[in-house]
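# Tertiary structure, described
The chain contents come next:
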Amino acid sequence: MDPISKLSRLLETIRSQQVSENRSKKQVASSSGEVNQSKKSTNPRSKPSINQLSNRISERLNHLSDSEQSSTKAIQVFVDSILAWEFGDEFLQSDSFFRYSEKVRDVIANDKKLSHEFDLLINQLTNK
């Protein structure tokens, strides 16, 4: 299985878990008699394009020191940026964000080929 397929499958799993958690929270709130008011704005969140995301990640990586760019910190910046892009910035504030980010980083770290692919990607994004 290629690295992109692994990440896509992992993102799909995280997405389904987030949906399940959100449904559970709504059911608990409804059953406890709380008023379920939506705080969503009238304007839907516009998701940046892939090019905008790539530029944003590249900027963040280039702000890291050279040693951090060659460490797991670069992978964390990349993964956290992708998760925020995929699930929205509000996901960064959720209880499960760190757990999901850590799972993705563990998958990358434990797969030599995937880890190598990410090293190449980080080098490309930092213009090395």
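Attention here is on the structure that accompanies the text. (Residues numbered from 1 in each chain as written. Predicted model: local features only at pLDDT ≥ 70, side-chain atom pairs only at ≥ 80, totals over all residues. Heavy atoms only, no water.)

## Focus: the nonpolar core
Counting residues in hydrophobic clusters, the biggest one holds 24 residues, and the most contacted among them are Ile14, Ile57, Leu61, Phe78, Leu83, Phe91 and Ile108. Of all the secondary structure elements, the ones that give two or more residues to this core are helix H1 (3–31), helix H2 (50–62), helix H4 (72–87), helix H5 (97–109) and helix H6 (112–125). Top element by residues in this core is H4. It accounts for 9 residues. Setting aside chain neighbours within four positions, we find Ile108 in contact with Ile75, Val79, Leu114, Ser115 and Phe118. (Core = buried A, V, L, I, M, F, W, Y, C linked by side-chain atoms within 4.5 Å. Buried < 20%, exposed > 50% of the residue type's maximum accessible area, 1.4 Å probe, protein only. Helix = DSSP H or I, 4+ residues; strand = E, 2+ residues; numbered from the N terminus. Contact = heavy atoms within 4.5 Å.)

## Quick look at the packing of H4 against H6
For any two helices packed against each other, the geometry is given by the interaxial angle and the distance between the axes. Closest axis-to-axis distance for the H4/H6 pair is 11 Å, and the angle between their directions is 80°. Between H4 and H6, the interaxial angle falls into the category roughly perpendicular. In contact with Ala74, Ile75 and Phe78 of H4, H6 contributes Phe118, Leu121, Ile122 and Leu125. Residue composition of the contact of H4 with H6, by class: 7 nonpolar, no polar and no charged. (Axes fitted to C-alpha atoms, helices over the stretch in contact; angles between N-to-C directions. Parallel < 35°, antiparallel > 145°, perpendicular 65-115°, else oblique. Nonpolar A, V, L, I, M, F, W, Y, C, P; charged D, E, K, R; others polar.)

## Some thoughts on the pattern of salt bridges
Within this structure, the stated rule accounts for 1 salt bridge. The shortest N-O distance in the salt bridge between Lys47 and Glu86 comes to 3.7 Å. Of this pair, Lys47 sits in the loop between H1 and H2 while Glu86 sits in helix H4, and the two are 39 residues apart along the sequence. Of the residues examined, Glu86 reaches a relative accessible area of 18% and is grouped as buried. (Salt bridge = Lys/Arg side-chain N within 4 Å of Asp/Glu carboxyl O.)

## A short note on the packing of aromatic side chains
Summed over all chains, the structure comprises 4 aromatic pairs. A ring pair is formed by Phe78 and Phe118, whose centres lie 5.3 Å apart and whose planes are at 80°; its orientation type is edge-to-face. A residue pair is termed long-range when its members are at least 10 positions apart, and Phe78 in helix H4 and Phe118 in helix H6 qualify at 40 residues. For the pair shown, Phe78 and Phe118 are each scored as buried. (Phe/Tyr/Trp six-rings, centres within 6.5 Å; stacked < 30°, edge-to-face > 60°.)

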